[in-house]
Amino acid sequence: MTKLSIIAFDGTRHELDVQTGSTVMENAVRNSVPGIEAECGGACACATCHVYIDEAWTAAVGAPEAMEEDMLDFAYDVRPTSRLSCQIKMSDALDGLIVHVPERQA
Ligand code: FES
């Protein structure tokens with residue numbers, strides 16, 4: 001198990017204990033975190049699971065693959081820390097990860 005914190009747009013902090021290998025999106029949906037729609041179910045085909053990686057974690061999470069980068073073009077208010085949460089798998093290296101939900105999805 002690893003720790004994952006998802007900060008909703010209204011500032012509510014969702015502290016989750018999650019399985020290694022699960023994605024940030026899966027955990028957000030499973031725990032009814034508001035603002036993560038994930039319409040395509042994790043296929044990197046909708047951009048409605050957009051999150052901002054907390055500044056302290058951007059290096060550990062790394063950059064998006066080309067396909068995710070293309071899909072991020074469809075997200076709302078994209079920033080340098082933007083990622084699609086269905087493409088981030090929890091691992092020991094990401095124990096304690098913090099992500100922020102944007103104001104709205106695309
Ligand atoms: S759930 Fe559709 S791109 Fe992530």
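Overview of the structure. (Residues numbered from 1 in each chain as written. Predicted model: local features only at pLDDT ≥ 70, side-chain atom pairs only at ≥ 80, totals over all residues. Heavy atoms only, no water.)

1. A short note on the overall build of the chain
Applicable threshold: Only DSSP runs of H or I reaching four residues or more are called helices, and only runs of E reaching two or more are called strands; each is numbered from the N terminus. In this treatment the radius of gyration is a C-alpha quantity, and the globule benchmark scales as 2.2 Å times the residue count to the 0.38 power. Contact between two residues is taken to exist if any of their heavy atoms lie within 4.5 Å; hydrogens are not considered. Only the protein chains shown count as cover for residues, with accessible areas throughout obtained via the Shrake-Rupley method and a probe of 1.4 Å. Charge counting treats Lys and Arg as positive and Asp and Glu as negative, with His and both chain ends excluded. We put the charge of a Lys on NZ, of an Arg on CZ, of an Asp on CG and of a Glu on CD.
Of regular secondary structure, the chain possesses three helices and five strands. The order of helices and strands in the chain, counted from the N terminus, is β-β-α-β-α-α-β-β. Whereas a compact globule of 106 residues would reach a radius of gyration of roughly 13 Å, the chain reaches 12 Å, a difference of no more than 12%. Along the longest, intermediate and shortest principal axes, the C-alpha atoms of the chain span 30 × 25 × 25 Å. Long-range contacts, defined here as pairs at least 24 residues apart, represent 65% of the contacts in the chain between residues at least 6 apart. When the accessible surface of the chain is totalled, it reaches about 5,500 Å², and 49% of it is carbon and sulfur. Charge centroids of the chain, computed over 7 positive and 17 negative side chains, lie 4 Å from each other.

2. Considerations on the sheet that holds strand β1 (residues 2-7)
Counted only if it meets this: Strand pairing requires that DSSP identify at least two bridges connecting the strands. Between N-to-C directions, angles cover 0 to 180 degrees, with each direction set by a line fitted to C-alpha atoms, over the stretch in contact for helices.
One open sheet accounts for five strands, arranged β2-β1-β5-β3-β4; its pairing is mixed. Of all the strands in the sheet, just β2 (13-18) and β4 (82-84) have a single pairing partner and so form its edges. Adjacent strand axes in the sheet meet at a mean angle of 35° when their direction is disregarded. As paired strands, strand β3 (residues 50-53) and strand β5 (residues 97-100) are joined by two bridges and run antiparallel to one another.

3. Observations regarding the packing of aromatic side chains
To be explicit about the condition: Pairing of aromatic side chains here covers Phe, Tyr and the six-membered ring of Trp, requires ring centres within 6.5 Å, and sorts the geometry by plane angle: under 30 degrees stacked, over 60 edge-to-face, intermediate tilted. We count a charge as sitting over a ring when the NZ of a lysine or the CZ of an arginine lies within 6 Å of the ring centre and within 35 degrees of the ring normal.
Under the criterion given, the structure shown has zero aromatic pairs. Over the aromatic face of Y76 sits the side chain of R104, whose NZ or CZ is 3.7 Å from the ring centroid.

4. Considerations on the pairing of β5
Every other side chain in a regular strand lies on the same face of the sheet, so the side chains alternate between the two faces. Pairing analysis gives four bridges linking β1 to β5, with the strands arranged parallel. Residue L4 lies in a different strand from β5, and its bridge partner there is L97.

5. Points about the environment of G35
Where we set the bar: Per-residue accessibility, obtained with a 1.4 Å probe over protein chains only, is compared with the maximum for each type, and a residue is labelled buried under 20%, exposed over 50%, and partly exposed between these values.
Structurally, G35 is set in the loop between α1 (24-30) and β3. Accessibility expressed as a relative area gives 35% for G35, which makes it partly exposed. For the pair formed by G35 and E103, sequence separation is 68 residues and the distance between their alpha carbons is 7.7 Å.

6. Regarding the environment of A45
Mapped onto the fold, A45 is located in the loop between α1 and β3. The sequence separation of A45 and F74 amounts to 29 residues, and the corresponding C-alpha distance is 9.8 Å. Apart from residues no more than four positions distant in its own chain, A45 is found in contact with C40 and M71.

7. Describing the pattern of salt bridges
Selection rule: The salt bridge criterion pairs a side-chain nitrogen of Lys or Arg with a carboxyl oxygen of Asp or Glu, the two atoms within 4 Å.
Taken as a whole and assessed by the stated rule, the structure comprises four salt bridges. Linking E15 and R13 is a salt bridge whose minimum nitrogen-to-oxygen distance equals 2.9 Å. We classify E15 as exposed; its relative accessible area is 54%. A relative accessible area of 44% means that R13 is categorised as partly exposed. Here E68 ties to R83 by a salt bridge, and the two come within 2.6 Å at their closest N and O atoms. Here E68, found in helix α3 (residues 66-72), pairs with R83, found in strand β4; they are 15 residues apart in sequence, far enough to count as distant. On the basis of relative accessible area, E68 is assigned to the buried category, the value being 2%. The exposure class assigned to R83 is buried, which follows from its relative accessible area of 6%.

Honestly, it's all geometry; don't read function into it.
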